Amino acid sequence: DVPLGSFPTNDLGLYTSVAATSLAACPAGLACQPTNDFQPTACPPTFVSRLDQANCTACGPGTAANHDVCSNCPYGTFAAAAVASLDGCQAVSVGNYAYHPYEGNPALMFYVSDGATEERACPMRYACQGGGREPELCDLNYNVSADGGSCLECDAGYIGTLDNTTCQPCPFPQILTSSWRCKPLPTGHYPVGSEDTYVSVGASGSKPCPLARSCLASNNYQPILCSLTELSSEGSSTCTPCNPGQWAETTFPRCRLCSIGKYTNIPVESQSQCKTVDPGYYATSGESSADPSFRVAFDSEGATAQEPCPEGFACAGDQSTPLRCNYPRRPNALKTECEFCP
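The notes below deal with the structure included here. (Residues numbered from 1 in each chain as written. Predicted model: local features only at pLDDT ≥ 70, side-chain atom pairs only at ≥ 80, totals over all residues. Heavy atoms only, no water.)

A word on the overall build of the protein
The test is simple: The way it works is that DSSP assigns letters per residue, a run of H or I at least four long becomes a helix, a run of E at least two long becomes a strand, and they are numbered from the N terminus. C-alpha atoms define the radius of gyration in this analysis, and the globule rule sets the expected value at 2.2 Å times the number of residues to the power 0.38. Exposure categories follow from relative accessible area, calculated using a 1.4 Å probe and restricted to protein chains: below 20% of the type maximum is buried, above 50% is exposed, and the middle band is partly exposed. Each accessible area is a Shrake-Rupley result for a 1.4 Å probe, and residues are judged covered by the shown protein chains and nothing else. Positive charges come from Lys and Arg alone, negative charges from Asp and Glu alone, with His and the N- and C-terminal ends not counted. We put the charge of a Lys on NZ, of an Arg on CZ, of an Asp on CG and of a Glu on CD.
Assigned secondary structure in the protein consists of zero helices and 38 strands. Rg of the C-alpha trace for the protein: 49 Å, well past the compact-globule value of 20 Å for 342 residues, more than 25% over. Oriented by its inertia axes, the alpha-carbon framework of the protein measures out at about 175 × 30 × 20 Å. Counting over 342 residues, the protein shows a buried share of 34%. As displayed, the protein offers around 19000 Å² of accessible surface, 52% of which is attributable to carbon and sulfur atoms. Placing the 17 positive and 33 negative side-chain charges of the protein at their respective mean positions leaves the two points 24 Å apart.

Some thoughts on the state of the cysteines
Going by this rule: The disulfide definition used here is simple: a pair of cysteine sulfur atoms within 2.5 Å.
One pass over the structure, following the stated rule, counts 14 disulfides. Through a disulfide, Cys59 is tied to Cys70; the S-S separation comes to 2.0 Å. One quick way to see it: the torsion about the S-S bond of Cys59 and Cys70 is about -90°, and its sign makes the bridge left-handed. Taken together, the residues span a long stretch of sequence, with Cys59 in the loop between strand 6 (57-58) and strand 7 (63-66) and Cys70 in strand 8 (residues 69-72) at a distance of eleven residues. Of the residues examined, Cys59 reaches a relative accessible area of 10% and is grouped as buried. Given a relative accessible area of 31%, Cys70 falls into the partly exposed group. Of the cysteine sulfurs around Cys341, a residue in no disulfide, the closest is that of Cys325, at 9.0 Å.

As structure tokens, then:
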């Protein structure tokens with residue numbers, strides 16, 4: 001009997017089905033089956049056999065028949081079904097990666113492996129160069145090229161969308177941090193771009209609202225110069241008007257009081273616009289005094305009005321309280337001082 005894995009030969013060492021003189025090992029890549037009288041027969045294109053092996057063995061997905069072994073398709077290629085040679089393994093295209101299941105757990109995968117069984121589309125937020133390259137995770141300030149093969153950096157102040165199809169700014173008025181996250185605009189700040197100047201789209205930072213300017217939501221947080229009678233400090237979002245009796249000092253932003261002997265009933269733009277109290281009048285803040293004859297005299301800075309000197313009083317036209325002229329004195333014609341009665 002001819003043992004499996006062998007075939008009968010004649011004196012020349014060739015196969016024979018009659019008058020065999022010896023036996024030879026079935027060659028690699030051939031099958032020597034009893035049903036075919038042990039005659040060596042080539043394996044089908046995607047099958048292999050080893051020396052002394054009677055039957056051909058089918059190769060599996062991701063492999064190529066290579067004479068006596070099933071060889072894995074090389075890195076960067078794949079085969080959905082067994083192929084007759086390594087040349088039959090297909091290259092992984094740009095935008096895809098080679099998939100190879102772990103044995104016993106097809107849910108897990110090798111991104112880069114020989115013996116890949118298929119190519120799969122690149123995962124979200126990844127770029128795949130194809131071939132044997134592992135998918136590259138794109139940073140948050142990148143999006144993926146149209147062919148899916150590379151990460152493209154977004155412009156300053158922009159981040160990639162979740163599906164990586166484009167770049168977008170943070171929702172206004174949020175700003176983009178150095179860790180590529182959107183955060184609220186700090187109170188009292190305005191948004192700036194890569195040039196460190198105000199932007200309404202694509203903010204990558206913020207700066208405190210400048211002196212004498214407002215940064216309001218109604219103006220898209222753009223710094224707007226306060227009016228000449230309004231002031232604000234650095235980092236303040238709103239302009240605050242000065243009060244009556246005050247003038248606005250813009251070189252060192254604050255509301256200054258009109259000096260002694262001057263007044264204004266509305267806030268004014270400069271000290272020179274504070275009015276001088278006229279002779280025969282006195283400065284007041286408008287409050288009533290204990291003496292019903294006159295209002296409280298304002299003998300300090302910040303007076304808001306002047307009042308005519310009441311009967312029987314003299315007013316020097318400065319910060320002084322009206323002076324009552326007692327007999328034998330009386331106010332002079334201008335009511336600026338007391339004089340002796342004639």
